[in-house]
Amino acid sequence: MLDPTGNNDTVYTTPLTGPTSYNTAPPSYNAVMAEMAQESATFNQSLTTVNQKVDALILTAAAENNCQAHQIVRPLIDHLIERFQLTVPQLQQVSTAARNPNEPDNWNWDQWQKKHYVPSWSGKDCFSPKSKEKVNRVILALHDQISSDGSFKTCQNLPYVKEQFGLALAQESKDFLDLSQLFSQTLKPLTPFIRQCIAAGLFTKNFINKLYAM
């Protein structure tokens with residue numbers, strides 16, 4: 001800029017300042033999985049504490065009123081449904097998720113992936129099915145399970161799904177069959193998805209064993 005004293009041969013420069021830019025790397029897959037496992041463990045511990053307190057209150061009320069515990073429980077369930085505006089599927093999902101396994105490493109999913117997929121030349125982390133028929137059976141099993149327990153919304157928001165396909169594409173899928181097309185089109189294996197479903201407590205042990213045996 002010009003010198004205000006009239007000496008216009010002198011040029012003053014003002015350093016440009018702006019917001020500091022931070023290059024923050026996204027959390028790693030292992031970090032996300034560890035966080036999900038910790039959240040699940042914390043939830044399960046809280047639920048155990050609540051259950052113990054509710055059990056004690058019900059037994060005390062039954063003793064005080066000289067009645068059976070189930071006579072207290074049944075109207076209590078009706079109250080909870082109305083109080084928290086729960087549907088029956090929501091009740092089932094909440095109650096079973098706390099009991100479901102949440103440690104995917106209890107199964108050897110790397111070995112399972114080798115049984116179903118081979119690396120593809122298309123790009124990093126791309127895999128082609130060894131047998132489309134067998135992978136389609138897995139897809140149908142997942143679809144049936146996710147449709148019946150009402151957990152599809154949770155599946156759409158899993159970190160792996162959002163990372164690979166973006167939230168917008170995931171939200172456009174109306175069910176898991178739709179979502180599975182994204183896996184097929186981009187040659188992404190189902191293994192990370194299954195692992196994250198287990199970590200979130202979405203699958204029963206019986207269903208996990210069924211998948212693992214396929």
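Residues numbered from 1 in each chain as written. Predicted model: local features only at pLDDT ≥ 70, side-chain atom pairs only at ≥ 80, totals over all residues. Heavy atoms only, no water.

Engineer: Any chance you could break down the overall build of the chain for me, citing the residues and the numbers?
Structural biologist: The helix and strand tally for the chain stands at 11 helices and two strands. Expressed as a percentage of its 214 residues, the buried residues of the chain come to 30%. A sequence separation of at least 24 residues applies to 62% of the contacts in the chain between residues at least 6 apart. Of the roughly 14400 Å² that the chain leaves accessible, carbon and sulfur atoms contribute 55%. (Helix = DSSP H or I, 4+ residues; strand = E, 2+ residues; numbered from the N terminus. Buried < 20%, exposed > 50% of the residue type's maximum accessible area, 1.4 Å probe, protein only. Contact = heavy atoms within 4.5 Å. Areas by Shrake-Rupley, 256 points an atom, 1.4 Å probe, with all protein chains shown as cover.)

Engineer: If you had to explain the environment of G150 to someone new, which residues and values would you point to?
Structural biologist: As for its placement among the helices and strands, G150 is situated in the loop between α5 (132-149) and α6 (152-156). For the pair G150 and L202, spaced 52 residues apart in sequence, the C-alpha to C-alpha distance is 9.8 Å.

Engineer: Requested: an account of the nonpolar core, with residues and values cited.
Structural biologist: With 32 residues, the main nonpolar core has L142, F176, L190, F193, I194, F203 and L211 as its most contacted residues. Contributing elements (two or more residues each) for this core: α4 (109-116), α5, α6, α7 (159-165), α9 (176-186), α10 (191-199) and α11 (205-213). In terms of residues, this core owes the most to one element, α5, which gives six residues. Apart from the residues within four sequence positions on either side, F193 is in contact with L142, I146, C155, L158, Y160, V161, F176, L179 and F183. (Core = buried A, V, L, I, M, F, W, Y, C linked by side-chain atoms within 4.5 Å.)

Engineer: An account of the state of the cysteines is requested, with residue identities and associated values reported.
Structural biologist: All chains considered together, the criterion is met by zero disulfides. This cysteine, C155, is not joined by any disulfide, and C197 carries the nearest cysteine sulfur, 4.0 Å off. (Disulfide = S-S within 2.5 Å.)

Engineer: Tell me about the environment of I146, and name the residues and values.
Structural biologist: On the secondary structure map, I146 appears in helix α5. Sequence separation between I146 and C197 is 51 residues; the distance between their C-alpha atoms is 10.0 Å. Apart from the residues within four sequence positions on either side, I146 is in contact with S151, F152, C155, F176, F193 and F203.

Engineer: Account for the side chain of Q196, with residues named and values stated.
Structural biologist: Within the element layout of this structure, Q196 appears in helix α10. Only 3.0 Å separates the side chain of Q196 from the backbone nitrogen of Y160, close enough to count as a polar contact. (Polar contact = N/O pair within 3.5 Å; in protein donor to acceptor, adjacent residues only side chain to side chain.)

Engineer: Describe in detail the pattern of salt bridges, supporting the description with residues and values.
Structural biologist: Side chains that carry opposite charge are capable of pairing whenever their charged atoms lie near each other. The final tally for this structure, using the stated rule, is three salt bridges. D105 is the partner of R195 in a salt bridge, and the nearest nitrogen-oxygen pair spans 2.7 Å. Of this pair, R195 sits in helix α10 while D105 sits in the loop between α3 (88-97) and α4, and the two are 90 residues apart along the sequence. In this structure, K174 and D178 form a salt bridge, with 3.5 Å as the shortest nitrogen-oxygen distance. Judged by relative accessible area, K174 falls into the exposed class, the value being 64%. Overall, the relative accessible area of 28% leaves D178 in the partly exposed class. (Salt bridge = Lys/Arg side-chain N within 4 Å of Asp/Glu carboxyl O.)

These results come straight from atomic positions and should not be treated as a statement about function.
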